[in-house]
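# Examining the three-dimensional arrangement
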Amino acid sequence: MEPDKQSADRQATILLVDDESINLSIFGQFLAPYYQVLVATDGPRALQLAGGTPKPDVILLDVMMPGMDGYQVIGQLKADPDTRDIPVIFVTALSSDVEEERGLLLGAVDYIYKPCHLSILLARIKTQLELKNARDWLKDQNAYLETEVQRRHQENQVVHLQLLQSEKLAAIGQLAAGIAHEINNPIGFVSSNLNTLNGYLHDVFSVMDACDAALNENPLSAETLQDLRELKTSKQLDYLRGDIPELIAESREGLSRVRDIIQDLKDFAHTDKNEWELGDLHKGLDSTLNIIGNELKYRCTVHKQYGEIPQIYCLPSQLNQVFMNLLINAAHAIETKGDIHIRTGCTGQEVWVEIGDNGKGIAPENLTRLFEPFFTTKPVGKGTGLGLSISQNIVRKHGGRIDVSSEPGQGSRFRVWLPIRPPELGRSA
Ligand SMILES: Nc1ncnc2c1ncn2[C@@H]1O[C@H](COP(=O)(O)OP(=O)(O)O)[C@@H](O)[C@H]1O
Ligand SMILES: [Mg+2]
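Definitions and cut-offs
- Residues numbered from 1 in each chain as written.
- Chains lettered and ligands numbered in written order.
- Predicted model: local features only at pLDDT ≥ 70, side-chain atom pairs only at ≥ 80, totals over all residues.
- Heavy atoms only, no water.
- Axes fitted to C-alpha atoms, helices over the stretch in contact; angles between N-to-C directions.
- Helix = DSSP H or I, 4+ residues; strand = E, 2+ residues; numbered from the N terminus.
- Parallel < 35°, antiparallel > 145°, perpendicular 65-115°, else oblique.
- Left-handed = near helix turned anticlockwise from the far one by under 90°.
- Contact = heavy atoms within 4.5 Å.
- Buried < 20%, exposed > 50% of the residue type's maximum accessible area, 1.4 Å probe, protein only.
- Pairing = 2+ DSSP bridges.
- Phe/Tyr/Trp six-rings, centres within 6.5 Å; stacked < 30°, edge-to-face > 60°.
- Bend = angle between axes of the 7 residues up to and from the residue.
- Polar contact = N/O pair within 3.5 Å; in protein donor to acceptor, adjacent residues only side chain to side chain.
- Near = heavy atom within 4 Å.
- Areas by Shrake-Rupley, 256 points an atom, 1.4 Å probe, with all protein chains shown as cover.
- Nonpolar A, V, L, I, M, F, W, Y, C, P; charged D, E, K, R; others polar.

The next subject is the packing of helix α3 (residues 70-79) against helix α4 (residues 97-106). Packing of α3 against α4 brings their axes to within 10 Å, and their N-to-C directions diverge by 15 degrees. Our classification of the angle between α3 and α4 gives roughly parallel. At the point where α3 passes α4, the crossing takes the left-handed sense. Every residue of α4 that contacts α3 at Y71, I74 and K78 is listed here: E99, R102, G103 and L106.

Here strand β12 (residues 411-419) lies mainly inside the structure; 7 of its 9 residues are buried. Across 7 bridges, the pairing between strand β11 (residues 401-407) and β12 is antiparallel. Counterpart to R401 in the pairing with β12 is W417. The loop that links β11 with its antiparallel partner β12 comprises 3 residues; one of these, G409, has a positive phi angle of about 85 degrees.

Turning our eyes to something else, we now look at the packing of aromatic side chains. As enumerated under the stated definition, the model contains 5 aromatic pairs in all. The interplanar angle of 55 degrees and the centroid separation of 5.5 Å between the aromatic rings of F90 and Y111 together place this pair among those described as tilted. Of the two residues, F90 is situated in strand β4 (residues 88-92) and Y111 in strand β5 (residues 110-113); the sequence distance between them amounts to 21 residues. Each of the two residues, F90 as well as Y111, counts as buried. By the ring-pair criterion, three or more aromatic residues cluster together here, those being Y71, F90, Y111 and Y113.

Moving on, we come to helix α8 (residues 281-297). Where α8 bends most, the angle comes to about 55 degrees, and this point is I291. Along α8, the positions that sit buried rather than exposed are L281, H282, G284, L285, S287, T288, L289, I291, I292, N294 and L296. Residue D280 occupies the N-cap position of α8, its side-chain oxygen lying 2.9 Å from the main-chain nitrogen of H282.

Before going further, it helps to spend a moment on the site of ligand 1. The environment of ligand 1 is made up of 19 residues, and the closest members are N329, T376, T377, K378 and L388. In the model, an oxygen atom of ligand 1 is placed 2.8 Å from a nitrogen or oxygen of the N329 side chain. Taking G385, its main chain carries an N or O atom lying 2.8 Å from an oxygen atom of ligand 1. Taken by itself ligand 1 offers 530 Å² of open surface, and the protein chains cover 93% of this. Of all elements in the fold, only α9 (316-333), α11 (387-397) and β12 reach the threshold of two or more residues within the shell around ligand 1. When residues of the shell around ligand 1 are assigned to their parent elements, the largest contribution, 3 residues, is made by α9. In terms of residue class, the shell around ligand 1 is made up of 8 nonpolar, 9 polar and 2 charged.

Our next topic: the side chain of T83. Within the secondary structure layout, T83 lies in the loop between α3 and β4. Apart from residues lying up to four places away in sequence, T83 is in contact with A50, G51, Q76 and L77.

Written out as structure tokens, the structure reads:
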């Protein structure tokens, strides 16, 4: 019987351990054409060769040896991580079930009795080598898979971060468009008022110049006096006197609107801090509404039904992001015209904020999937499918939850429950 040539690049190595050199030489000569053979005549030498290079792929170990016997040798081989995986076949003249059991318990993979048929020896060795190769291959595969899993995990995290970033950018884009519109309007009329005022001042100065010239005329002729009166009438100074304060008041009002928008933006973003603090959810809702009002106002009427709720420990700017996501989703669900109801309330240890709409609703099969990252029913470019997943993460971080109920065709309600004192209190964001 012909054993397979081991892998083409590496011949398998067999370590023979026997105190009788006649056995070593018979086995050695027989195995030499197929394997690289190492020999040891006692236990200590066997251990030395087992730990060296080349490392044996299989060890044939005599049980009865003076000094250190085969049981002691296998005990030490198994105790050393470097040698514990080398398969050991006991070779013995004893034929006893008790002995065989002892050897197998100690970790031997097989038992061969002397004298033995050499071709059987060869077959047994071959079997052990194949098993060992399979084990080694599995070990390599596992190591490879582990690094692969780790690598993919890292990749996923990078992709996830990039998506969070792009969801944020999309939200910022939406906000920026709305805010640009809100600010453009007051800036427009303030600057038009300034132009008008400029014209008015021009007229006022032309009358004053005429007065100065008249003052230098001595004596003042009736004709000049008449010209002055006509000039004053033609420049409508009385009208200007009434209109100028109005223009100024209107411009002040416009600038204060711009200032409010900027204040709302600051409240919304809380850019200066991202820390747990006592926050007023109504204030957060109001500043969020002011920011996205433009997005909502064409299709939706917003109804506020605020209850009595205490301030809660929270990350206010992150909760504002949740409210914004829910409000924008509600607005998107409304196709032509509809209502958004914002309700708040409190039960014992929790407060809740509910955003309800009478939009198109959610199909029952989608209800369980809403919070999955990337789940969206919106066309590419319109939805990322991350809004609710991000919102749920934020709410969970607060120790809360989001409940949904919806009826297709009737509308949806998202209720955010938040503990008044979240368990993570004190941990930073
Ligand atoms: N108020 C709502 N009415 C109807 N469907 C909604 C509402 N809110 C969320 N959805 C559904 O949940 C999906 C996921 O929402 P979200 O995570 O915010 O992602 P996106 O808005 O980008 O699609 C939406 O595509 C939509 O199908
Ligand atoms: Mg959304």
